[in-house]
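Each chain is listed here by its residues.
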Amino acid sequence: MNLDFYKGKKVFVTGHTGFKGSWLSKILIMAGADVTGYALNPPTDPNLFDIAGIKGNINSVIGDIRDYDKLKKAFDECRPEIVLHLAAQPIVITSYEQPRYTYETNVMGTVNILECVRQSDSVKSVLNVTTDKVYKNNEWNWGYRENEPLDGYDPYSNSKSCSELVTHSYKCSFFDNMGIPVSTARAGNVIGGGDFADNRIIPDCVRAAMAKKPIIVRNPNSTRPYQHVLEPLNAYLTIEAAQYENNGLQGYYNVGPDDRDCLTTGELASVFCAAWGENQTYECLKKDGPHEANFLKLDCSLLKSTFGWKPVWSAKDAVEKTVEWTKVYAEKGDVPGITEKQIKEFFKI
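Reading guide: rules and limits
Residues numbered from 1 in each chain as written. Predicted model: local features only at pLDDT ≥ 70, side-chain atom pairs only at ≥ 80, totals over all residues. Heavy atoms only, no water. Buried < 20%, exposed > 50% of the residue type's maximum accessible area, 1.4 Å probe, protein only. Helix = DSSP H or I, 4+ residues; strand = E, 2+ residues; numbered from the N terminus. Pairing = 2+ DSSP bridges. Right-handed = clockwise from strand over helix to strand, strands pointing away. Phe/Tyr/Trp six-rings, centres within 6.5 Å; stacked < 30°, edge-to-face > 60°. Lys NZ or Arg CZ within 6 Å of the ring centre and 35° of its normal. Expected span 1.5 Å × (residues − 1). Bend = angle between axes of the 7 residues up to and from the residue. Polar contact = N/O pair within 3.5 Å; in protein donor to acceptor, adjacent residues only side chain to side chain. Arc of directions from axis to C-beta.

J.: Sorry if this is basic, but what is going on with the pairing of strand E1 (residues 10-14) here?
T.: The two faces of a sheet get side chains in turn, since along a regular strand they alternate between them. Counting buried residues along E1, 4 of its 5 residues qualify, which places the element largely inside the surrounding structure. Pairing of E1 with strand E2 (residues 34-39) involves 5 bridges; the strand directions are parallel. What sits directly across from Thr14, in E2, is Tyr38. For the crossover from E1 across helix H1 (residues 19-31) to E2, the handedness is right-handed. Of the pairings in the sheet, the one linking E1 to strand E4 (residues 82-85) comprises 4 bridges and is parallel in character. Bridging from a neighbouring strand, Val11 pairs with Ile82 of E4.

J.: Before we go on, may I ask you to explain unusual backbone geometry in this structure?
T.: Outside of glycine, negative phi angles account for most residues, and trans bonds account for most peptide bonds. Residues Asp45 and Pro46 are joined by a peptide bond in cis, for which omega reads 10°. Mapped onto the fold, Pro46 is located in the loop between E2 and helix H2 (48-51). Backbone geometry places Arg79, a non-glycine residue, at a positive phi of 50°. Here Arg79 lies in the loop between helix H3 (68-78) and E4. The exposure class of Arg79 is partly exposed, given its relative accessible area of 44%. For Lys332, which is not glycine, the phi torsion reads 55° and is therefore positive. Assignment of secondary structure puts Lys332 in the loop between helix H11 (315-330) and helix H12 (335-347).

J.: What is the right way to look at the packing of aromatic side chains in this model?
T.: Under the counting rule described, the total for this entry stands at 12 aromatic pairs. Ring centres of Phe5 and Tyr6 lie 4.9 Å apart, and the angle between their planes is 85°; this geometry places the pair in the edge-to-face category. For the pair Phe5 and Tyr6, one class covers both residues: buried. Aromatic pair Tyr170 and Phe174: ring centres 5.1 Å apart, planes at 55°, arrangement tilted. Highlighted residues: Tyr170 and Phe174, both in helix H6 (residues 155-178), separated by 4 residues, approximately one helical turn. Judged by relative accessible area, Tyr170 falls into the buried class, the value being 11%. Taking relative accessible area as the criterion, Phe174 reaches 29% and is therefore assigned partly exposed. The ring centre of Phe5 lies 4.2 Å from the NZ or CZ of Lys9, which sits over that ring.

J.: Just to check I follow, could you spell out H6 for this structure?
T.: Within an α-helix, residues lying three or four positions from one another point in the same direction, as the helix has 3.6 residues per turn. Between its first and last C-alpha atoms H6 spans 32 Å; for 24 residues at 1.5 Å apiece the expected length is 34 Å, and the two agree. At Lys171, H6 shows its largest bend, some 50°. At the N-terminal end of H6, a side-chain oxygen is found 3.1 Å from the backbone nitrogen of Tyr156, two or three residues along, and the residue is Asp154. Where H6 terminates, the next one or two residues include Gly179, which has phi positive at roughly 75°.

J.: Would you take a moment to explain H12 for this structure?
T.: Over its 13 residues, H12 extends 18 Å from the first C-alpha to the last, a length consistent with the 18 Å expected when each residue adds 1.5 Å. Burial in H12 covers these residues: Val335, Ile338, Thr339, Gln342, Ile343, Phe346 and Phe347. Each buried residue of H12 lies within a common arc of 155° when the element is viewed along its axis, so the set occupies one face. A distance of 2.9 Å separates the backbone nitrogen of Gly337 from a side-chain oxygen at the start of H12, and that oxygen is part of Asp334.

As structure tokens, this is what we get:
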């Protein structure tokens, strides 16, 4: 992605205080975009949004995506050309604990942002970020394609399937007639520096390593496609820019790593231990808990053939970059600096 496209563009990002949203905001700031973010306060303490120095460089509006009036006020004041919708309740286990909140956020939140777009005369490109978990998962050994049935099992996955359907309805009912291209991006698991969330394998690894304790792996045989957080963000920005210029490129796109980077949780923990050093170890501790898919993989041929997109870093590279970032943080070093350094390395700027 040539980030020069975004220089001077007005961009509205929902979920900008989250892990992925913070990295995205940092990229857009470095590209010279005029960014307005709308989200709840950062979901963890510590969090990337604060420690990477993002807050002072964008128009940050703290609000709930379910609050349509507040969202629309921020949206109308921004008058964006480009909309990136990342706001979500993103944790599977949390969705079992709070299903109603998950549906309200992930479904009606999507309705609310698309309703803002529908009533706008400035928007020229929209992307809704969902998940690889939107598909009806048959535990196949091959990757799901964009034309597979949508039917997420758990409340989180199902709410994101619903978000896809909402987007398709708005596209057909309104945006096609308005000439506004809208796409969805279905991304797999992401890792990277600054993720402090609960119930995620790499943050769990980081907390254990910083505490000099063994890593506890709950489901060592679960296989997932792992990629550095900059990989899908590169894809999102590529899709937005391309459909901005040619709305025939709008669509529904899988975003994931190559097959070599589909690892079991145990394999990922092993790679992390090797990258961290210091005789770090992990232990497998099987726990009974709510259903999660054991195997899930995407076929990203459409994204690659349409845009010439391809992964930059392998899963091993992603883990090593995460460790590099985390050790700077752990040593109270220059977190904004290491964040910018990795973005420059990735985008070759």
